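Residue-level structural notes
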Amino acid sequence: QLQLQESGPGLVKPSETLSLTCTVSGDSITSSSYYWGCIRQPPGKGLEWIGSIYFSGSTYYNPSLKSRVTISVDTSKNQFSLKLSSVTAADTAVYYCARGTYYYDSSGSLRPYYFDYWGQGTLVTVSS
Amino acid sequence: DIQMTQSPSSLSASVGDRVTITCRASQSISSYLNWYQQKPGKAPHLLIYAASSLQSGVPSRFSGSGSGTDFTLTISSLQPEDFATYYCQQSYSAPRFGQGTKVEIK
């Protein structure tokens, strides 16, 4: 049974870097069939995709967050990680890890398709 | 940047009702459209992918249709466990979700 577990500080100060780790169990993160992603949801609001990573390290980020986002993968630990820099109160949200499928676009680039397994989410609050 | 607009934003319905939720894309997205259900305090759950394909384990009362810019999610006979918020998501370009439709008990 696939499980994704988010972990990281629940409180981050403004201007600092938010760090989140997603641990995958029940499946290998090196599976060639899947793309791993991070999605967030501010309290009482809708969902926002942050970015996705393939086990090879290939990434694809939300253009609106791209300048502040880094997603990396550690295949030895079956984990992937999110870093979001220069955070403000607007980054307060429940952060989810998810497994996704992918397709190749017309230029041959990997693109996320849909997200079929999600972690339970973790609330990260940005406040001094 | 492709915008996704869901309607209505909320609706009230009774058990047994047929419910339809619409999602419109600001430009054609072919069939790159997925639907999720989210209950309070829980992660979203995939219902439909590729506009009309039912995810494994999802009850057959859920169905999706559409292509291009206009899509619908239909619940043929609303059950008590279906009261939740529903989101569409396009994957034609950088993934983007609709603003959600909350289905409440009438």
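Structure: see above.
Residues numbered from 1 in each chain as written. Chains lettered and ligands numbered in written order. Predicted model: local features only at pLDDT ≥ 70, side-chain atom pairs only at ≥ 80, totals over all residues. Heavy atoms only, no water.

1. Digging into the sheet that holds strand β8 (residues 70-75) of chain B
All names here are of chain B. Read across the open sheet, the 4 strands follow the order β1-β3-β8-β7; overall the sheet is antiparallel. Looking at which strands have only one partner, the edges of the open sheet turn out to be β1 (4-7) and β7 (62-67). Taking each pair of neighbouring strands and ignoring which way they run, the sheet shows an average axis angle of 15°. Where strand β3 (residues 19-25) lies against β8, 6 bridges are found, and the strand directions are antiparallel. Considered in β8, the bridge of R24 is made with D70. (Pairing = 2+ DSSP bridges. Helix = DSSP H or I, 4+ residues; strand = E, 2+ residues; numbered from the N terminus. Axes fitted to C-alpha atoms, helices over the stretch in contact; angles between N-to-C directions.)

2. Section: the interface of chain A and chain B
Facing 18 residues of chain A, the contacting portion of chain B comprises 19 residues. In this assembly, chain A packs against chain B so that about 1600 Å² is buried in total across both faces, 62% of it on carbon and sulfur atoms. Sorting the residues of chain A by area buried against chain B places L47, Y113 and Y114 of chain A first, and these three jointly supply 37% of that buried surface. Linking chain A to chain B there are 0 salt bridges. Run the count over chain A and chain B and you get 11 residue pairs in polar contact (both at pLDDT 80 or more). Per-element accounting of the side of chain A that touches chain B gives the leading share, 6 residues, to strand β10 (residues 110-118) of chain A. Of the residues assigned to the side of chain A that touches chain B, the class counts are 12 nonpolar, 3 polar and 3 charged. (Contact = heavy atoms within 4.5 Å. Buried area = accessible area lost by both parts, 1.4 Å probe. Salt bridge = Lys/Arg side-chain N within 4 Å of Asp/Glu carboxyl O. Polar contact = N/O pair within 3.5 Å; in protein donor to acceptor, adjacent residues only side chain to side chain. Nonpolar A, V, L, I, M, F, W, Y, C, P; charged D, E, K, R; others polar.)

3. Regarding unusual backbone geometry
Glycine aside, residues mostly have negative phi angles, and peptide bonds mostly take the trans form. All names here are of chain B. Cis rather than trans, the peptide bond between S7 and P8 has omega equal to -5°. For P8, the position within the fold is in the loop between β1 and β2 (10-13). Residue S30 is not a glycine yet carries a positive backbone phi of 55°. Note that S30 resides in the loop between β3 and β4 (33-38). The exposure class assigned to S30 is partly exposed, which follows from its relative accessible area of 35%. (Buried < 20%, exposed > 50% of the residue type's maximum accessible area, 1.4 Å probe, protein only.)

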